[in-house]
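In case you want the letters, here they are:
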Amino acid sequence: MLVLFGHMLVFSQSNPEVTSTVDTTQMKIGEQIHFKIAVEVDSTAEVIFPEGQTFIPLEMVEQRPTDSVILQDKLKLIKEYALTQFDSGHYTIPTQQLMINGKPFFTDSLTIQVNDVVVDTTKQKMYDIKSLVMVDKPVGDWWIWLLIGFIVVAAIGFVIYWFVIRKKPLSEEEKIALLPPYDRALAELKKLDESRYLIQSEYKEYYTELTNIVRYYLEEDVRISAMESTTDELITKMELLCDSGNLKLDSDTINQFKNVLKTADLVKFAKSRPDDSVVADDRRTVESIVVKTKQALPEPTEEELMEQEAYVEELVRKKKKKQIKKAVLAAGAIVVIAIGVLTYIFGFESIKDHVFGHPNKTLLENKWVGSSYGYPSMYVETPVVLKRVEDIKKDGGVGTSSNQRYTYGEIHGNFFIQLNVATYEKKEDFDAQKAIETAIERVENAGARNMIVKQEDFISPTGKEGNKVFGTLNLEDPERGTIRNVSYVILSFVQNGGFQQLTMVYPKNDKYADRIVDQITSSIDFKTQSE
């Protein structure tokens with residue numbers, strides 16, 4: 001059965017009743033106690049309960065929704081908080097302020113005893129301390145990225161060679177396209193003979209290709225618009241050329257050509273089916289027309305030869321452009337596939353950080369510097385040498401006589417480091433806990449919101465005892481108008497007649513920042529004058 005402890009404060013103004021209770025005043029380290037605030041007010045009253053970490057030195061773990069109970073003409077509001085502490089000792093829950101109708105009201109402070117957890121060493125097995133073991137320095141994963149980069153570069157190089165540099169054998173169609181018009185026409189006629197049009201009775205397709213071959217030839221060599229002309233128009237144009245003396249063909253050859261074109265029209269538009277002998281005669285006639293036309297044309301001028309050469313060069317250029325396009329597409333596909341595979345293996349964030357960079361990754365990979373700061377000195381290794389700023393004159397009631405400060409970055413930046421070294425004339429006048437609270441206040445004053453504070457003992461790698469305050473908070477930057485979720489660590493030591501305090505503020509869930517914090521923390525050391 002839980003026993004309720006507490007005090008009740010009664011206020012006469014508008015008769016509100018404020019009661020604070022705790023379910024127990026004895027707890028073990030890490031356990032939770034439940035602190036309740038009850039208020040009896042009029043149903044129209046406005047009540048604002050405490051929020052955030054207002055219970056220090058205890059840590060508020062959870063605050064539950066406000067409960068309400070109607071008592072005749074009044075309303076009873078109950079707010080419950082779960083509190084904990086991870087160090088043994090006597091602690092006082094500080095007075096909590098409520099606002100009722102815009103006026104402040106306060107609860108009493110309560111004392112809590114936090115007890116150690118007793119360990120029965122007779123039942124707990126004990127083991128000897130193991131000796132130190134030297135381990136090899138890890139190779140790291142740089143060779144994986146080197147290998148992947150080599151494979152990707154080699155694949156892209158192969159694609160460029162295959163599609164661009166390599167002299168690819170020309171296909172039959174490409175060889176024919178590069179021939180002069182006369183040779184190309186004869187080659188296409190020969191290729192038509194090897195087709196299966198006649199075997200499959202595809203006369204329409206056969207005559208279409210047959211007449212197109214001779215029409216293309218007439219357009220290129222005779223320079224008449226043959227492809228867009230009807231049969232009668234084409235024959236008329238050829239006759240006019242003959243009459244003008246620009247084409248020396250006899251009338252029989254033109255009539256034979258006219259008959260071939262008319263037969264082709266009947267096959268294509270009237271679905272006529274000529275005899276095999278007619279088809280063979282038309283095939284010979286077309287070749288004869290091509291040969292006779294070539295013979296009837298005057299020798300090509302130098303300008304015409306240059307045009308023909310330009311035509312061939314254009315075909316080669318188009319082919320080269322097509323090959324480059326294929327190479328680019330293939331290289332792009334390789335890059336996309338490589339990125340996809342790397343993303344699957346290493347994750348998107350890791351790939352993004354390696355390709356586009358990450359400020360804290362760059363900071364982590366810097367050449368670290370180890371140095372002793374202040375007096376009494378504190379040795380620490382950091383990615384960048386800390387810069388000394390003006391000595392702090394005001395100690396805020398801590399009891400120090402001199403203060404030295406060294407910093408890197410800004411508290412609203414990607415990574416912030418601040419090292420304070422102070423001395424005191426009389427140790428009994430120095431308040432270490434007050435110095436820790438002052439450091440927390442300094443962070444709060446920088447724009448902290450929803451600050452979670454955790455505290456525990458800390459031992460440096462060289463065995464020096466200290467205090468660690470850590471947690472998370474929302475950091476508001478008034479200049480940029482942004483709010484970031486960040487983590488912080490405050491390490492405090494009283495060594496060699498002085499007080500040393502290291503503060504680090506960095507983005508939450510940043511793996512590179514976490515590694516920086518671990519590396520800085522593991523380098524902390526204190527040296528005396530004789531060392």
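Bear in mind the structure is a predicted one, so any value in this text is a computation, not a measurement.

K.L.:
Please clarify how the pattern of salt bridges should be interpreted in this entry.
P.N.:
Pairing is possible between side chains that carry opposite charge, provided their charged atoms lie close to one another. Applying the stated rule across the entire model yields seven salt bridges. The salt bridge involving Arg283 is made with Asp193; its shortest N-O contact spans 2.8 Å. You can see Arg283 sitting in helix H7 (residues 276-296) and its partner Asp193 sitting in helix H3 (residues 181-193), a full 90 residues away along the chain. Taking relative accessible area as the criterion, Arg283 reaches 12% and is therefore assigned buried. What makes Asp193 partly exposed here is its relative accessible area of 42%. In the salt-bridge network here, residues are joined through shared partners; they are Asp193, Arg283 and Glu287.

K.L.:
So what exactly am I meant to see when it comes to unusual backbone geometry here?
P.N.:
Leaving glycine out, the prevailing phi sign among residues is negative, and the prevailing peptide bond configuration is trans. In this structure, Pro57 follows Ile56 across a cis peptide bond, with omega equal to 20°. On the secondary structure map, Pro57 appears in the loop between strand E5 (47-48) and strand E6 (59-63). Of note in this structure, Asn101 is not a glycine but carries a positive phi near 55°. On the accessibility criterion, Asn101 (45% relative accessible area) is partly exposed. Located in the positive-phi region is Asn509, a residue other than glycine, with phi close to 60°. Take Asn509: it is sitting in the loop between strand E22 (498-507) and helix H12 (511-522).

K.L.:
Just checking my understanding: could you explain the sheet that holds strand E12 (residues 110-115) for this structure?
P.N.:
The pairing of strands in a sheet comes from backbone hydrogen bonds and takes either a parallel or an antiparallel form. With mixed pairing, the three strands of this open sheet are ordered in space as E3-E12-E9. Of all the strands in the sheet, the pair left with one neighbour each is strand E3 (26-28) and strand E9 (89-93). Along the sheet, successive strands turn relative to each other by an average axial angle of 35°, direction set aside. Judged from the three bridges that link them, E3 and E12 form a sheet pairing that is parallel. Considered in E12, the bridge of Gln26 is made with Gln113.

About the criteria used
- Residues numbered from 1 in each chain as written.
- Predicted model: local features only at pLDDT ≥ 70, side-chain atom pairs only at ≥ 80, totals over all residues.
- Heavy atoms only, no water.
- Salt bridge = Lys/Arg side-chain N within 4 Å of Asp/Glu carboxyl O.
- Helix = DSSP H or I, 4+ residues; strand = E, 2+ residues; numbered from the N terminus.
- Buried < 20%, exposed > 50% of the residue type's maximum accessible area, 1.4 Å probe, protein only.
- Pairing = 2+ DSSP bridges.
- Axes fitted to C-alpha atoms, helices over the stretch in contact; angles between N-to-C directions.

Take it as geometry only, folks, not as evidence of what the structure does.
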